[in-house]
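In case you want the letters, here they are:
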Amino acid sequence: MPERDYDHPDVVICPDGPLLLRNATSVQDADGVVHDVRRPVVALCRCEKSSRLPWCDGTHKVIPRG
Amino acid sequence: MRLPKPRGVLSEWVVSRLADARPSAAAAPAADAWDDESLALWTLHELSYRGFEDADERAEWDPEVLHVRHRLETALEERLRSRWEQAGPVSVGVPSEVPSALEALVAEDDGPSLADHVRRRADRDQVLELLRQRSVYHLKESDPVAWVVPRLPVRAKAALMELQYDEYGDGDPNRLHSHLFARGLDAIGLRSEYGAYVDDALPETLEMNNAVSLFGLHRRLRGAAMGHLAAFEMTSSLPSRKMVQGLERLDLGGPMAAYYDEHVEADAIHEHLAARDICGTLAEDEPEQADEILFGAFTCLDLETRFATVLLASWEA
């Protein structure tokens, strides 16, 4: 089978989970605070219940799915 | 690190065989008990990580030593697979179901939580005991997983490297996870040198380490290795936050809390990379690995349950 290229998006929305963001250098949160990014991939909270916004801390898993 | 203190006739044979490169006069005996057997296999696996100051480096590939390792690995794998059989193994119909099957396995896991105990009730001695046990793995965190890289197809390989790069500090030695843990041990007065607490390790602790080494060392078990990684990452973020709260409650915050704090954020990312980009694509590219991935994930959860059960029982918690 010949080699092919693969999708490798910079923004990935995880079902019932965070938004993964690749190659970002800084992220501004809802309060206008700018956070430096030191990782190749970060997970941004989408449920708004994280204890460390704007980052995901897994809290969405203990929230009942509507 | 020096060779560990033997716990029976088999680990005694292993330790003296590694200390002296010459072929042994007597064949390796059967193990006295599980404790003896797990320490013997742990010691043999360690030859492929950092080794021992007082062992001959050539022993790693010595046929007589490998023969014993093979015997112990076969017994371990049979034990792990029979537990998966008894638990009623899940099988996925289509490889694309692997990420959701992993999620279901993790969601159904009802083992006791050490992190809950640490957060609310554990005393200082119990937390120190837990950290000594955890140090056996955390001081070489991610190393067994690194062995799997060359054995994966394109997408899973790239995704594993994306995850491992973060585990290894994104190029900064100060942020290497095993280094963060070592700094944490120093800060709370525990020993931080590699393998410091192996003589105190419970057989459950050794078996957790042996399983991950077995999966990492054998190409055949690459699916199980990646499933184990996924379950590990998927059960890390929330418990790490509880560990931070418990450590701070006991005035053990600082660098050790920082280690767990790093895992709250990192593993909230890694769990998605592991379940979807690593295990999901591996199952699509090599469909026969799908059920192996689930076996590996089950093993991770099951061994943690066994470890937590024994530790909590010893504390009457």
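Please read these numbers as outputs of a predicted model, since none were measured by experiment.

Points about the packing of aromatic side chains
Residue and element names in this part refer to chain B.
- Under the counting rule described, the total for this entry stands at seven aromatic pairs over all chains.
- Residues Trp42 and Phe52 carry aromatic rings whose centres are separated by 6.1 Å and whose planes lie at 70° to one another, so their mutual orientation is edge-to-face. Of the two residues, Trp42 is situated in helix 2 (residues 34-46) and Phe52 in the loop between helix 2 and helix 3 (63-86); the sequence distance between them amounts to 10 residues. Take Trp42 and Phe52: they sit in the same class, and that class is buried.
- Between Trp84 and Phe298, the ring centres sit 4.9 Å apart and the planes meet at 35°, which makes this aromatic pair tilted. Of the two residues, Trp84 sits in helix 3 while Phe298 sits in helix 14 (residues 290-314), which places them 214 residues apart along the sequence.
- Judged by its relative accessible area of 12%, Phe298 falls in the buried class.

Quick notes on the environment of B:Ser314
Residues and elements named next belong to chain B.
- You can see Ser314 is positioned in helix 14.
- Between the C-alpha atoms of Ser314 and Gln126, which are 188 residues apart in sequence, the distance is 9.8 Å.
- Side-chain polar atoms of Ser314 contact the backbone oxygen of Leu311, separated by 2.7 Å.

Topic: the interface of chain A and chain B
- Contact with chain A, which involves 27 residues of that partner, is made by 24 residues of chain B.
- Summed over both partners, the interface of chain A with chain B comes to about 2,100 Å²; 51% of that surface belongs to carbon and sulfur atoms.
- Of all residues in chain A, the largest losses of buried area upon contact with chain B belong to A:Tyr6, A:Arg39 and A:Arg52, amounting jointly to 29% of the total for that side.
- Here chain A is connected to chain B by eight salt bridges.
- Across the pair B:Glu265 and A:Arg39 runs a salt bridge whose closest N-O atoms are separated by 3.5 Å.
- The interface formed by chain A and chain B contains 10 residue pairs in polar contact (both at pLDDT 80 or more).
- Listing elements by their share of the side of chain A that touches chain B, those giving two or more residues are strand 1 (11-13), strand 2 (19-22) and strand 5 (41-44) of chain A.
- Examining the composition of the side of chain A that touches chain B, we find that three residues originate from one element, strand 5 of chain A, more than from any other.

Thoughts on the state of the cysteines
- This model, assessed by the stated rule, comprises zero disulfides over all chains.
- Between A:Cys14, a free cysteine, and A:Cys56, which holds the nearest cysteine sulfur, the sulfur-to-sulfur gap is 8.3 Å.
- Judged by its relative accessible area of 1%, A:Cys14 is buried.
- Sulfur of B:Cys279: no disulfide; nearest cysteine sulfur belongs to B:Cys300 and is 11 Å away.

Notes on unusual backbone geometry
All names here are of chain A.
- Along the chain, Leu53 connects to Pro54 via a cis peptide bond; the corresponding omega equals 10°.
- Position of Pro54 relative to the elements: it lies in the segment after strand 5.
- If you check the backbone angles, Asp16 has positive phi at about 50° while not being a glycine.
- Locating Asp16 in the fold gives a position in the loop between strand 1 and strand 2.
- One non-glycine residue, Asn23, lies in the positive phi region at around 65°.
- Tracing the chain through its elements places Asn23 in the loop between strand 2 and strand 3 (26-28).

Things to note about helix 3 of chain B
All names here are of chain B.
- End to end, helix 3 covers 34 Å across 24 residues, agreeing with the expected 34 Å (1.5 Å per residue, within 8%).
- Buried within helix 3 are the following residues: Val65, Val68, Arg69, Leu72, Glu73, Leu76, Glu77, Leu80, Arg83 and Trp84.
- Of the residues trailing helix 3, Gly88 is marked for its positive phi of about 80°.

Here's the deal with the sheet that holds strand 1 of chain A
All names here are of chain A.
- Taking strand neighbours across the sheet as the criterion, the three strands line up as 1-2-5 in an open arrangement whose pairing is antiparallel. Here the strands that pair on one side only, and so sit at the sheet edges, are strand 1 and strand 5. Taken over all neighbouring pairs, the strand axes of this sheet differ in orientation by 20° on average, direction set aside.
- Relative to strand 5, strand 2 is paired through four bridges, and the arrangement is antiparallel. Bridge pairing in strand 5 places Arg22 opposite Val41.

Side note on the domain arrangement of chain B
All names here are of chain B.
- For chain B, the assigned domains are domain 1 (9-82) and domain 2 (93-314).
- A C-alpha centroid distance of 25 Å is found between domain 1 and domain 2.
- Counting the surface lost from both domain 1 and domain 2, the interface buries some 2,100 Å², and carbon and sulfur atoms represent 63% of this.
- Contact with domain 2 buries surface across domain 1, with Trp42, Tyr49 and Leu80 losing the most and accounting together for 33% of the total.
- Between the two partners, domain 1 and domain 2, sit four salt bridges.
- The shortest N-O distance in the salt bridge between Glu207 and Arg79 comes to 2.8 Å.
- Summed over the shared surface of domain 1 and domain 2, the result is 10 residue pairs in polar contact (both at pLDDT 80 or more).

Calculation criteria
- Residues numbered from 1 in each chain as written.
- Chains lettered and ligands numbered in written order.
- Predicted model: local features only at pLDDT ≥ 70, side-chain atom pairs only at ≥ 80, totals over all residues.
- Heavy atoms only, no water.
- Phe/Tyr/Trp six-rings, centres within 6.5 Å; stacked < 30°, edge-to-face > 60°.
- Helix = DSSP H or I, 4+ residues; strand = E, 2+ residues; numbered from the N terminus.
- Buried < 20%, exposed > 50% of the residue type's maximum accessible area, 1.4 Å probe, protein only.
- Polar contact = N/O pair within 3.5 Å; in protein donor to acceptor, adjacent residues only side chain to side chain.
- Contact = heavy atoms within 4.5 Å.
- Buried area = accessible area lost by both parts, 1.4 Å probe.
- Salt bridge = Lys/Arg side-chain N within 4 Å of Asp/Glu carboxyl O.
- Disulfide = S-S within 2.5 Å.
- Expected span 1.5 Å × (residues − 1).
- Pairing = 2+ DSSP bridges.
- Axes fitted to C-alpha atoms, helices over the stretch in contact; angles between N-to-C directions.
- Domains from an automatic or database assignment.

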